[in-house]
Amino acid sequence: RTAVIDGRQQTVVDLRGRLRMQPVSAWLKLPALDVLRGEADSALTLRFDTARGGDSRLELRSDLRGISSSAPAPLAKPADAAVDTRFSYTLGTDKPRLMLNYERALAADLVLSAGAPVSGAVALGNARLAPNGGAGIVIEGSAPSLVIGDWLAFVGRLAGGAAAPA
């Protein structure tokens, strides 16, 4: 279908089905997705902005039941747990924007380069996602459990190297 969204003409493709993590991770080439295993029911929307210079986006909604996460807490989850998740990713750009809402545990708005975050903001728990106009990543909020060493190692893997120990 075509639609006018935010004053711009877009082609919108809505799909419902099973999200299988292995092919999605291979297609998007995002190291952060490597911690996810399994498959879950999902709703996928592809928005193709037909205006010159417009951002095309992949948007996903799922409760992730059937997908396990080996990411550090608070993102870790067994496959049988349901976590309301919304994911958005811009397509066709060298520095895509990734937006994630992972129930009440985490919200993120990040700019990526070579699949790794280079700028943006992350909000944990009930914190509000604060805009970050500069380089680096601003992290605010609180979580019931957060092991800094685990997160440094995880972020180091995302950046393609080893992070310094905590």
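Within every chain, residues take consecutive numbers counted from 1 along the sequence as written. Thresholds applied to this predicted model are a pLDDT of at least 70 for local features of residues and 80 or more for the giving and counting of side-chain atom pairs; totals over whole chains, interfaces and linings are not thresholded and use all residues. For the side-chain quantities, the full set of heavy atoms in the structure was used; hydrogens and water were omitted.

Caption draft 1: Summary view of the overall build of the chain. For the chain, the count of helices and strands is 2 helices and 10 strands. Helix numbering and strand numbering both begin at the N terminus, where a helix is a DSSP run of H or I of at least 4 residues and a strand a DSSP run of E of at least 2. Overall, the chain shows an N-to-C arrangement of helices and strands of β-β-α-β-β-β-β-β-β-β-β-α. Our radius of gyration looks at C-alpha atoms and nothing else; its globule reference is 2.2 Å times the residue count to the power 0.38. By the compact-globule yardstick of 15 Å for 166 residues, the chain fits well, its C-alpha radius of gyration being 16 Å. Seen along its three principal axes, the alpha-carbon backbone of the chain occupies a region of about 50 × 40 × 30 Å. Residue burial is assigned from relative accessible area. The probe radius is 1.4 Å, only protein chains are included, and a residue is buried under 20% of its type maximum, exposed over 50%, and partly exposed in between. The buried share of the chain, taken over its 166 residues, is 35%. Long-range pairs, those at least 24 residues apart, make up 37% of the contacts in the chain between residues at least 6 apart in sequence. Here the accessible surface of atoms and residues is derived via Shrake-Rupley with a 1.4 Å probe, and residues count as covered only by protein chains that are part of the display. Surface exposure of the chain reaches about 9,800 Å², of which carbon and sulfur atoms provide 54%. Averaging the locations of the 19 positively and 16 negatively charged side chains of the chain gives two centres separated by 2 Å. Throughout, a residue-residue contact means that at least one pair of heavy atoms, one from each residue, lies within 4.5 Å. In this count, Lys and Arg are taken as positive residues and Asp and Glu as negative ones, while His and the chain termini are left out. The atoms used to mark charge sites are NZ of Lys, CZ of Arg, CG of Asp and CD of Glu.

Caption draft 2: The nonpolar core, seen in detail. We call a set of buried residues a nonpolar core when its members are Ala, Val, Leu, Ile, Met, Phe, Trp, Tyr or Cys and they connect through side-chain atoms within 4.5 Å of each other. With 29 residues, the main nonpolar core has L30, I67, F87, Y89, L98 and L106 as its most contacted residues. When residues of this core are traced back to their parent elements, those giving at least two are α1 (21-28), β3 (36-49), β4 (56-62), β6 (85-91), β7 (97-102), β8 (106-113), β9 (116-124) and α2 (148-158). Y89 has contacts with L28, L30, S56, R57, L58, P96, R97, L98 and L112, leaving out every residue within four places of it along the chain.

Caption draft 3: Seen up close, unusual backbone geometry. Cis peptide bonds are those with omega within 30 degrees of zero, and the linkage from A73 to P74 qualifies with 10°. Checked against the element boundaries, P74 lands in the loop between β5 (67-69) and β6. Its identity as a non-glycine residue notwithstanding, L64 has a phi of 60°, on the positive side. Examined against the element boundaries, L64 turns out to sit in the loop between β4 and β5.

Caption draft 4: A look at the packing of aromatic side chains. Aromatic contacts are taken between Phe, Tyr and Trp rings whose centres are within 6.5 Å, Trp giving its six-membered ring; a plane angle under 30 degrees counts as stacked, one over 60 as edge-to-face, and the others as tilted. With the rule as written, the count across this model stands at 2 aromatic pairs. Seen from their ring centres, F87 and Y89 are 6.3 Å apart, and the 10° between their planes marks the pair as stacked. You can call Y89 buried: its relative accessible area is 9%. Consider the rings of W151 and F154, whose centres lie 5.4 Å apart with planes at 90°: the pair is edge-to-face. Here the residue W151 and the residue F154 both occupy positions in helix α2, the gap between them amounting to 3 residues, near one helical turn. When sorted by exposure, W151 lands in the same class as F154, which is buried.

Caption draft 5: Inspection of the pattern of salt bridges at higher detail. Put simply, a salt bridge is a Lys or Arg side-chain nitrogen that is within 4 Å of an Asp or Glu carboxyl oxygen. The final tally for this structure, using the stated rule, is 7 salt bridges. The residue E59 makes a salt bridge to R57 at a minimum N-O spacing of 2.6 Å. Given the relative accessible area of 27%, R57 is considered partly exposed. Measuring nitrogen to oxygen at the nearest pair gives 3.7 Å for the salt bridge that ties R61 to D84. In this pair, R61 sits in strand β4 while D84 sits in the loop between β5 and β6, placing the two residues 23 residues apart along the sequence.

Caption draft 6: Highlighting α1. Regarding α1, the residues found buried are M21, S25 and L28. Buried residues of α1, seen end-on, are gathered within an arc of 80° and therefore sit on one face of the element. Across α1 from its buried face, at more than 90 degrees, point the exposed residues Q22, A26 and W27. On its buried face, α1 sits against β2 (8-20), β3, β5 and β6. Immediately beyond the C-terminal end of α1, within one or two residues, lies K29, with a positive phi of roughly 55°. The directions considered for the arc are those from the helix axis to the C-beta atoms.

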